[in-house]
Each structure stands twice: as structure tokens, then as C-alpha cells.
Amino acid sequence: DQWGDQDEWKDRIDIEERPFAAASIGQVHRATLRTSGGQKKVAVKVQYPGVANSIESDLSNLSMLVKASGLSPPGLFLDNVIRVGREELKVECDYRREALNHHRFQQLISSDRGLVADRFVVPDVIEEFSTDRILVTEYVRGGTIDKVMDLDQDERNRIGKAIMRLTMLELFVWRFMQTDPNWGNFLYDVRTRTTYLIDFGAARDYDEDFVRGYLNIVKANADQDERALFEESIRMGFLTGEENSMMLEAHKMSGYCLGEPFQSYEPYNFKTSRITARISEHGAVFLKHRLTPP
């Protein structure tokens, strides 16, 4: 029903019945679009029927079940998690908004010389066939980015540096970030050594005050400046100022881990540092002693 009468479009686009990939709230089909210039391979992301209308009831039921089970620790702030989840899922259901995000990222990435040189590409959106619940884009080849672990070290370093550059640009320069950076949203074509970026439903803007404050926190962590870290964390609402010593210590040590890669201009070995695991070690303290939602 999103495309109207089948007779109006069936001769213009041929869709494979079996999906080749799953999205968070839909599935993706390969298709061939017939144009005046020939044929074009496209990917058609179709939202599951009824998803947008069921978000409210599904999350309310989840909240009730978790609360009834007693499995939700106080530091999880379940009501806040449900509220944010509800807002983000509703946004992700709007494929027209995602198409706008897609265009915006395409423009930003194609205008950065470094990312262009590293062959980071956002495929085109096919506007004519995209609707509230269907998003059609140029079909691109490639496997999930984690497959590059089998490539030579120089190529892995090139891709890793480019992803780090992309992350820093998104947060601190563009203030517009893809907040769902799972492996499936980075497709690497080993033949051309091109990285394709897809799925921008979770992209969001950050205001200048938040970005400046977050940068101050990163710098305080890199400098291991406890006073600056706590002051800025309280100002931004990450802490209340009433936390106990266990929570403050966990906040500080996890922050210092976050700041390690920025302590010098020397290469940082993420693998041997175990940075993610070390930050996660403080999770239990956060869940028990946190006084304000994350």
C-alpha cells in the first residue's frame, strides 16, 4: 500500500521475494530498478507491518514484566530507559527522516578529503520509491567491517584510522552522529577497498554546549584531572554531586580508561589495552550506586 496500485510500479521494479538482510525493524530485499538508461540494482528496506503502532504497548508490557520480576537494579533507571527507547524507536520508524539523515551524511562524508581518500562512501537514496515505511537505496557490495581482521595490518590500520576520524568529525565537528555503529552498518568491499556506510535511522544532532562539555570531560580524563572531571560531570548532569565514594571512584577510573587513547600522539593499541572490558568492569557499581540516569 506504500507504493499504491501494483500495476503502477510492478513493471518498473523487480523485487526478490526472499530478503537478504534484516534491519532492526524491517527486512531488506534486493531489487532491480528499470530506468530510461537501463537497469539499476537497489536495496529495498521494508518496515515490518504494525511495528510503529505497537511500540507503546510493547514497551509498556516490557516495563511491567521487568518491574514485576524485581530484576531491575535501581541504577538502571528503567523508566528512563523505556522513555528513551520509545522516543528512539518512533524516530527510527520514520523512513523519510532516515532518508534526510542519509542525504546529510552523504554530503558531509563526500566533502571531507580524508574520508574520500580512504574510500568511505554513502550510497544514493532512490527518492522516487522511498516512503514513510520503505527506503530504497543504491545496492552496494560488501561484507560487515569486522571481516577486515583477516586483511594485512596496513589495511586494517587505514580503516581503523578512518573510522576514528569519522567518529571525531561526527561528534566534535559536525555534531551529527550515527548512534548505532554496529558492524552491519559498515560494509567493506574487498575488491575495491571501499567502505560503504548505511542505515542512518538512529542519527541525531548534538548541541554545541553538550559537545563542548563532553570534550572537556575527555580532556580531563586524558589529563587524569580528577577535579575538572567531577566539576564538568556535575555541570552536564552525569553526576549529582551527592554520590558515594564507590560511585565516584568508578566514574573516575572508567573515565580515565576512556581518556587513554588521547593522552599522546603515539599509536594506541586498543586490543592489548582491553579498554572496553576495563570500562565494563565498573558496570556493577554504576547499576547499584548511580543517582541519575545515564
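See the structure printed just above.
This report concerns the structure included in the present document. Computed from a predicted structure; not experimentally measured.

Taking 1.5 Å of rise per residue, 22 residues should cover 32 Å, and helix α5 (residues 153-174) covers 30 Å from first to last C-alpha, within 8% of that figure. Inspection of α5 places Glu155, Arg158, Ile159, Ala162, Leu166, Leu169, Glu170, Leu171 and Trp174 among the buried residues, and these make up the whole buried set. At the N-terminal end of α5, a side-chain oxygen is found 3.1 Å from the backbone nitrogen of Asp154, two or three residues along, and the residue is Asp152. Just downstream of α5 lies Arg175, where phi reads positive at about 55 degrees.

Further remarks concern helix α3 (residues 95-110). Across its 16 residues, α3 extends 22 Å between first and last C-alpha, which sits within 8% of the 22 Å expected from 1.5 Å per residue. The set of residues buried in α3 consists of Tyr95, Glu98, Ala99, Asn101, His102, Phe105, Gln106, Leu108 and Ile109. For α3, the side-chain oxygen to backbone nitrogen distance between the N-cap and Arg96 is 3.2 Å, and the N-cap itself is Asp94.

Turning next to the environment of Lys90. Relative to the helices and strands, Lys90 resides in helix α2 (residues 78-92). Assessed through its relative accessible area of 46%, Lys90 is described here as partly exposed. Spatially, the C-alpha atom of Lys90 lies 9.1 Å from that of Asn53, the residues being 37 residues apart in sequence. Excluding residues that lie within four positions of it along the chain, Lys90 makes contacts with Ile55 and Glu56.

Let us look at the pairing of strand β6 (residues 134-138). Across the 5 residues that make up β6, a large majority, 4, are buried. Summarising the sheet, strand β4 (residues 38-47) and β6 pair through 5 bridges and their orientation is antiparallel. Bridge pairing links Val42 to Glu138 in β6.

This part covers the packing of helix α1 (residues 51-69) against α2. Contact geometry of α1 with α2 gives a least axis separation of 10 Å together with a crossing angle of 160 degrees. Between α1 and α2, the angle is such that the two are roughly antiparallel. Helix-helix and strand crossings are classified by hand; for α1 and α2 the assignment is right-handed. Contact with α1, carried on its side by Ile55, Glu56, Leu59, Ser60, Leu62, Ser63, Val66 and Lys67, involves Leu78, Asp79, Ile82, Gly85, Arg86, Leu89 and Lys90 of α2 and no other residues of that element. Taken together, the residues of the contact of α1 with α2 break down into 7 nonpolar, 3 polar and 5 charged.

Our focus in this paragraph is the nonpolar core. The biggest cluster of nonpolar side chains holds 19 residues, and the ones touching the most others in it are Phe105, Ile109, Leu115, Phe120, Leu166, Trp174 and Leu197. Among the elements that line this core, the one with the most residues is α5, at 5 residues. Other than its neighbours up to four places away in sequence, Leu166 contacts Ile109, Leu115, Phe120, Trp174, Phe186 and Leu197.

Our next topic: the pattern of salt bridges. Applying the stated criterion across every chain yields a total of 22 salt bridges. Across the salt bridge formed by Arg83 and Glu87, the nearest N and O atoms sit 3.2 Å from each other. In this pair, Arg83 and Glu87 are both assigned in helix α2, 4 residues apart and thus about one turn of the helix distant. With relative accessibility at 39%, the residue Arg83 sits in the partly exposed group. Between Glu231 and Arg227 there is a salt bridge, and its shortest N-O distance comes to 3.1 Å. Of the two residues, Glu231 and Arg227 are both situated in helix α7 (residues 226-236); the distance of 4 residues between them amounts to about one turn of the helix.

This part takes up the pairing of strand β3 (residues 26-35). Remember that side chains alternate between the two faces of the sheet whenever the strand is regular. Across 3 bridges, the pairing between strand β1 (residues 13-15) and β3 is antiparallel. Residue Ile13 lies in a different strand from β3, and its bridge partner there is Leu33. Direction of pairing for strand β2 (residues 21-22) relative to β3: antiparallel, over a ladder of 2 bridges. Each bridged residue has a counterpart across the sheet, and for Ala22 the counterpart in β3 is Gln27. The turn linking β2 back onto β3 is made up of 3 residues. Inspection of the sheet shows β3 paired to β4 by 10 bridges, in the antiparallel sense. In the strand pairing of β4, His29 is matched with Val44. Linking β3 to β4, which pair antiparallel, is a turn of 2 residues.

Across a sheet, paired strands are connected by hydrogen bonds in the backbone, their directions being either parallel or antiparallel. Strand order in this open sheet of 4 strands is β5-β10-β9-β7, and the pairing throughout is mixed. Each edge of the open sheet is held by one strand with a lone partner, namely β5 (120-121) and β7 (143-144). The pairing of strand β9 (residues 186-189) with strand β10 (residues 194-197) spans 4 bridges and is antiparallel. Across the sheet, Phe186 pairs through a bridge with Leu197, a residue of β10.

Rules behind the numbers
- By convention here, each chain's residues receive numbers from 1 onward along its written sequence.
- Given that this is a predicted model, residues contribute local features only at a pLDDT of at least 70 and side-chain atom pairs are listed and counted only at 80 or more, while totals for whole chains, interfaces and linings are drawn from all residues.
- The basis for the side-chain values is all heavy atoms of the structure; hydrogens and waters are excluded.
- Helix and strand definitions follow DSSP, with helices as H or I runs of at least four residues and strands as E runs of at least two, each counted in order from the N terminus.
- The span you would expect from a helix comes to 1.5 Å times its residue count less one.
- Accessible area is worked out with a 1.4 Å probe on protein chains only. A residue is then buried under 20% of its type maximum, exposed over 50%, and partly exposed in between.
- The definition of a polar contact used here is a pair of N or O atoms within 3.5 Å, where within protein one atom must be able to donate a hydrogen and the other to accept one, and adjacent residues in sequence count solely through side-chain atom pairs.
- The criterion used for residue contact is that any of the two residues' heavy atoms lie within 4.5 Å.
- What makes two strands pair is DSSP finding at least two bridges between them.
- Here an axis means a line fitted to C-alpha atoms, over the contact stretch when the element is a helix, while the angle between two N-to-C directions is reported on a 0 to 180 degree scale.
- Roughly parallel refers to an angle under 35 degrees, roughly antiparallel to one over 145, roughly perpendicular to one between 65 and 115, and oblique to any angle outside these ranges.
- Each crossing gets its handedness from the near helix: less than a right angle anticlockwise from the far helix is left-handed, clockwise is right-handed.
- Each residue receives one of three labels: charged for Asp, Glu, Lys and Arg, nonpolar for Ala, Val, Leu, Ile, Met, Phe, Trp, Tyr, Cys and Pro, and polar for the others, Gly being one of them.
- Throughout this description, the term nonpolar core refers to a set of buried Ala, Val, Leu, Ile, Met, Phe, Trp, Tyr and Cys residues connected via side-chain atoms within 4.5 Å.
- For this document, the term salt bridge refers to a Lys or Arg side-chain nitrogen within 4 Å of an Asp or Glu carboxyl oxygen.

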